[in-house]
Structure formats: structure tokens, C-alpha cells
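# An overview of the molecular structure
Listed below are the residues making up each chain.
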Amino acid sequence: MAVTSMGQNMESKVDPRFGRANWFILFNTETAEYEVVSNEQNLNAGQGAGIQSAEIISRNGVEALITGNCGPKAFKALGAAGIQVYCGAEGTVAEALESFKSGKLEKASGANVEAHWA
């Protein structure tokens with residue numbers, strides 16, 4: 001599972017952007033261990049940040065994404081990779097994971113923002 005993050009630990013705030021998130025916290029739901037993956041290459045990308053970010057988390061074997069917002073191209077790329085998307089996450093990464101576990105985050109059926117959302 002991946003969570004978009006503004007920092008590098010579980011107490012960091014959830015980054016509301018997927019494609020231009022600062023970091024991805026990759027959380028193993030079986031072991032409760034996590035690793036941090038930089039998304040620096042996409043922070044200032046002119047275009048394609050969402051698609052490239054989807055490739056990063058897909059390469060890391062992610063099955064589900066928790067984020068604040070996800071645009072249409074990124075949502076399509078994530079879907080093509082078989083990654084489920086959960087939007088509307090707030091608070092810390094740990095709080096977002098707890099919201100997911102308790103069923104408070106709904107699986108997204110499509111993008112929740114327009115392309116190039118800032």
C-alpha cells in the first residue's frame with residue numbers, strides 16, 4: 001500500500017497531491033513495516049507527473065494507494081496497473097492508514113480533480 005506524504009515518516013502529513021507528492025510511504029500491511037520512496041523527479045514536471053508517479057508505485061508492487069486527490073490521467077494509469085485508489089485522505093500517514101483499515105476511506109470510482117490540479 002502507498003500513501004502520498006509530505007515527509008518521510010508515519011507522522012508526516014498526507015500530501016493532497018498524487019502526481020506531485022513529495023514522497024510515497026510504502027506500507028506493508030502484513031508486517032507493518034514501511035519504506036520511503038522519493039517522488040522528487042515529478043515535483044516540478046511540466047506534464048505527465050501522475051503517470052510517472054503511477055509507474056513508480058507500480059514498480060514497487062503497490063496494490064492500493066491512499067491520497068488526497070487524483071487526476072484523470074493518473075487514475076487511468078493506476079487502474080491499468082491494477083492499483084486501487086482511495087482519495088480524500090487527511091491528517092498524518094498513520095491516521096490515513098487507520099482510516100483505511102476502519103473503512104472510512106471509500107475506493108474511488110474515478111478522478112476527483114481535473115488534470116494539472118495544483
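Presented here is an overview of the structure given in this document. Because the structure is predicted, anything quoted here is derived from the model rather than measured. (Residues numbered from 1 in each chain as written. Predicted model: local features only at pLDDT ≥ 70, side-chain atom pairs only at ≥ 80, totals over all residues. Heavy atoms only, no water.)

So, on to the packing of aromatic side chains. Counted under the stated rule, the structure contains two aromatic pairs. Centroid distance Tyr86 to Phe100: 4.9 Å. Interplanar angle 80 degrees. Geometry classified as edge-to-face. Note that Tyr86 is positioned in strand β5 (residues 84-86) and Phe100 in helix α4 (residues 93-101), a separation of 14 residues in sequence. (Phe/Tyr/Trp six-rings, centres within 6.5 Å; stacked < 30°, edge-to-face > 60°. Helix = DSSP H or I, 4+ residues; strand = E, 2+ residues; numbered from the N terminus.)

In the sheet, strand β2 (residues 23-27) pairs with strand β3 (residues 34-38) via five bridges, with the strands oriented antiparallel. Note on β3: the bridge partner recorded for Leu26 is Glu35. A loop of six residues connects β2 with β3, the two strands running antiparallel in sequence, and Ala32 in this loop sits at a positive phi of about 65 degrees. (Pairing = 2+ DSSP bridges.)

Counting buried residues along β2, four of its five residues qualify, which places the element largely inside the surrounding structure. Examined bridge by bridge, strand β1 (residues 2-5) and β2 share four bridges and lie antiparallel to one another. Across the sheet, the residue bridging to Thr4 is Phe24, located in β2. (Buried < 20%, exposed > 50% of the residue type's maximum accessible area, 1.4 Å probe, protein only.)

Turning our attention to the sheet that holds β2. Across the sheet, which stays open at both edges, the five strands sit in the order β3-β2-β1-β4-β5 with mixed pairing between neighbours. In this open sheet, the two strands that pair with only one neighbour each are β3 and β5. The sheet shows a mean angle of 25 degrees between the axes of neighbouring strands, taken without regard to direction. (Axes fitted to C-alpha atoms, helices over the stretch in contact; angles between N-to-C directions.)

Counting 20 residues, the largest nonpolar core has Phe18, Phe24, Ile57, Leu65, Cys70, Leu78 and Val85 as the members making the most contacts within it. Of all the secondary-structure elements, those providing two or more residues to this core are β2, α2 (49-59) and α3 (72-80). Among the elements that make up this core, the one with the highest residue count is α3 (four residues). The contacts of Phe24, once residues within four sequence positions are left out, are Val3, Thr4, Phe18, Glu35, Val36, Val37, Asn39, Ser53, Ile56 and Ile57. Among the nonpolar cores identified, the runner-up in size contains 14 residues, and Met10, Phe27, Ala64 and Val93 belong to it. (Core = buried A, V, L, I, M, F, W, Y, C linked by side-chain atoms within 4.5 Å. Contact = heavy atoms within 4.5 Å.)

All right, on to the pattern of salt bridges then. All chains considered together, the criterion is met by one salt bridge. Put simply, Arg17 and Asp15 hold a salt bridge, and the shortest N to O gap is 3.0 Å. Owing to a relative accessible area of 24%, Arg17 belongs among the partly exposed residues under this scheme. (Salt bridge = Lys/Arg side-chain N within 4 Å of Asp/Glu carboxyl O.)

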